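Chain residues, written in single-letter form:
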Amino acid sequence: MADEVRQAARYHGDQAVGPGMLDFAVNVRAGGPPPWLVDRLASRLPDLGHYPAAADVDRAVDAVAARHGRGRDEVLLLAGGAEGFALLPNLQPRSAALIAPSFTEPEAVLAAAGVPLTHVVLDPPFALGAVPDEADLVVVGNPTNPTSVLHPAEAILGLRRPGRIVVVDEAFADAVPGEPESLAGRSLPDVLVLRSLTKTWSVAGLRVGYALGAPEVLARLSARRAHWPLGTLQLEAVTACCAPAAVAEAQEGARRLAVLRAEMVRGLRTAGIDVVEGRAPFVLMRVGDAELVRKQLDASGIAVRRCDTFVGLDGGYLRVAVRPEWPQLVRAVQEVLR
């Protein structure tokens, strides 16, 4: 049973996607990185014969700090937002509370480190509730993967207690126009925000992200980290994607995505499919026998994300990325449900 739980926690949507499939399973923005970013990264290829330079690290840290109005000592660069979860055991929590359903990587790393943990399972519509008083580490997504729910910032701040660190996974925050409810710009001693750049900029293969938090918390988080944790191309990507022009481009993309999401949700509901209210660039839908639907969609060349690997969701849910090809998905689901 323990092995099955670990396997479920380490299942991710990319495992559902085969060659040539229409990909609704992965939440990386479709189309690949923009040409200007590819060109900028390509310009650094001649530098790969050298170790990452301190100047590159400084530029990346400065870019993140300026982007969120934080001090340089409040920024920790990460090899993808998921690395932030991998470092959580360094905080030496006595008891962790994981708000579920949610991204499963915190469960995998904390369980592997022997940290006692409790899943705080939210029922639909997945609003935040109380967590065990003894938890000195709480992990919550905002917006949450896979539910797509965007929690009010004040509800997350309500989880704070003396001696507790609240970790907020904001991997998809920049995909919501205006980034409402984000805590990335708030300097709080007990709130650690994890950010990813891989989704919006379609650079999942590069692994880039960062953490924002109190200097002493970041020092504990990174105490056992290897030297040169990010390579030259990763550092360049962070600098580029946190520049003001890139942030503005990302926000314009988020606005377009929100319009597309609303159209997709209307289409799903018109087809009689139950959709959870949310703001993220993906949709959680209830379809009855999700395994049957998923297998039938797979056979027709459409990949969707199974949700029975998420604690708190039964076999009736599927997660689908927001894509302009959504009418094709709706027609295929209708065919299966008939």
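Note that this is a predicted model, so its numbers are computed, not measured.

Draft legend 1. Looking closely at the sheet that holds strand β12 (residues 305–306). Ordered in space as β9-β10-β13-β12, the 4 strands form an open sheet in which the pairing is antiparallel. One side of each edge strand has no neighbouring strand; the edge strands of this open sheet are β9 (274–275) and β12. Relative to strand β13 (residues 317–321), β12 runs antiparallel, the two sharing 2 bridges. In the strand pairing of β13, Arg306 is matched with Leu318.

Draft legend 2. Spotlight on the sheet that holds strand β6 (residues 165–169). The strand order across the open sheet formed by 7 strands is β2-β8-β7-β6-β5-β3-β4, and the pairing between neighbours is mixed. Of all strands in the sheet, those bounded by a partner on one side alone are β2 (75–78) and β4 (117–121). Each adjacent strand pair in this sheet contributes to an overall mean axis angle of 20°, direction not counted. Where β6 meets strand β7 (residues 191–196), 4 bridges bridge the pair, whose relative direction is parallel. Across the sheet, the residue bridging to Val168 is Val193, located in β7. Against the sheet, helix α3 (residues 54–68) contacts β2, β7 and β8 (209–212), and its axis sits at roughly 120° relative to β2.

Draft legend 3. Just the domain arrangement of the chain, in detail. As assigned here, the chain comprises domain 1 (1–32 + 247–337) and domain 2 (35–244). On a C-alpha basis, the centres of domain 1 and domain 2 stand 23 Å from each other. Taken together, the 35 residues of domain 1 in the interface contact 41 residues of domain 2. Carbon and sulfur atoms make up 62% of the area that domain 1 and domain 2 hide from each other, which totals about 3,000 Å². The tally of links between domain 1 and domain 2 comes to 0 salt bridges. Linking domain 1 with domain 2 are 11 residue pairs in polar contact (both at pLDDT 80 or more), by the criterion used here. Those elements that place two or more of their residues in the side of domain 1 that touches domain 2 are α1 (2–9), α9 (244–270), β10 (282–286) and β13.

Draft legend 4. Molecular detail of the pairing of β13. The element β13 is extensively covered by neighbouring structure, given that 5 of its 5 residues are classed as buried. Going residue by residue along β13, you find Tyr317, Arg319 and Ala321 tucked away on one face and Leu318 and Val320 tucked away on the opposite face as well. As judged from the 5 bridges shared by β10 and β13, these two strands associate in the antiparallel manner. Counterpart to Phe282 in the pairing with β13 is Ala321.

Draft legend 5. Focus on the UniProt feature "domain: Aminotransferase class I/classII large" (unreviewed entry) in the chain. In the numbering adopted here, UniProt assigns the feature "domain: Aminotransferase class I/classII large" (unreviewed entry) to residues 48–322. Note that residues 48–322 is 32% helix and 18% strand, and that its end C-alpha atoms are spaced 36 Å apart.

Draft legend 6. Structural detail: helix α10 (residues 290–299). Among all positions in α10, only Ala290, Val293, Arg294 and Leu297 are buried. For α10, the angular spread of the buried residues around the axis is 100°, confining them to a single face. Against the buried residues of α10 lie β11 (302–303), β12, β13 and α11 (326–337).

Draft legend 7. Summary view of the packing of α3 against helix α8 (residues 232–241). Close contact between α3 and α8 brings their axes to 8 Å; oriented N to C, the two are set at 30°. As far as their axial angle goes, α8 and α3 are roughly parallel. In terms of crossing hand, the pair formed by α3 and α8 is left-handed. Of α8, the residues touching α3 (which contributes Asp56, Val57, Arg59, Ala60, Ala63 and Val64) are Thr232, Leu235, Glu236, Val238 and Thr239. In terms of residue class, the contact of α3 with α8 is made up of 6 nonpolar, 2 polar and 3 charged.

Draft legend 8. Representation of the packing of aromatic side chains within the structure. Summed over the entire model, instances satisfying the criterion amount to 4 aromatic pairs. A ring pair is formed by Phe172 and Phe282, whose centres lie 5.0 Å apart and whose planes are at 75°; its orientation type is edge-to-face. Taken together, the residues span a long stretch of sequence, with Phe172 in the loop between β6 and β7 and Phe282 in strand β10 at a distance of 110 residues. Residue classification places Phe172 among the buried positions, given a relative accessible area of 6%. When the ring centre of Phe172 is taken as origin, the NZ or CZ atom of Lys199, which lies over that ring, is 5.4 Å away. Above the face of the Phe282 ring, Arg319 is positioned so that its terminal group lies 5.6 Å from the ring centre.

Thresholds, definitions, all that
Residues numbered from 1 in each chain as written. Predicted model: local features only at pLDDT ≥ 70, side-chain atom pairs only at ≥ 80, totals over all residues. Heavy atoms only, no water. Pairing = 2+ DSSP bridges. Helix = DSSP H or I, 4+ residues; strand = E, 2+ residues; numbered from the N terminus. Axes fitted to C-alpha atoms, helices over the stretch in contact; angles between N-to-C directions. Contact = heavy atoms within 4.5 Å. Domains from an automatic or database assignment. Buried area = accessible area lost by both parts, 1.4 Å probe. Salt bridge = Lys/Arg side-chain N within 4 Å of Asp/Glu carboxyl O. Polar contact = N/O pair within 3.5 Å; in protein donor to acceptor, adjacent residues only side chain to side chain. Buried < 20%, exposed > 50% of the residue type's maximum accessible area, 1.4 Å probe, protein only. UniProt positions renumbered as here; feature names shortened; annotations may be inferred. Arc of directions from axis to C-beta. Parallel < 35°, antiparallel > 145°, perpendicular 65-115°, else oblique. Left-handed = near helix turned anticlockwise from the far one by under 90°. Nonpolar A, V, L, I, M, F, W, Y, C, P; charged D, E, K, R; others polar. Phe/Tyr/Trp six-rings, centres within 6.5 Å; stacked < 30°, edge-to-face > 60°. Lys NZ or Arg CZ within 6 Å of the ring centre and 35° of its normal.

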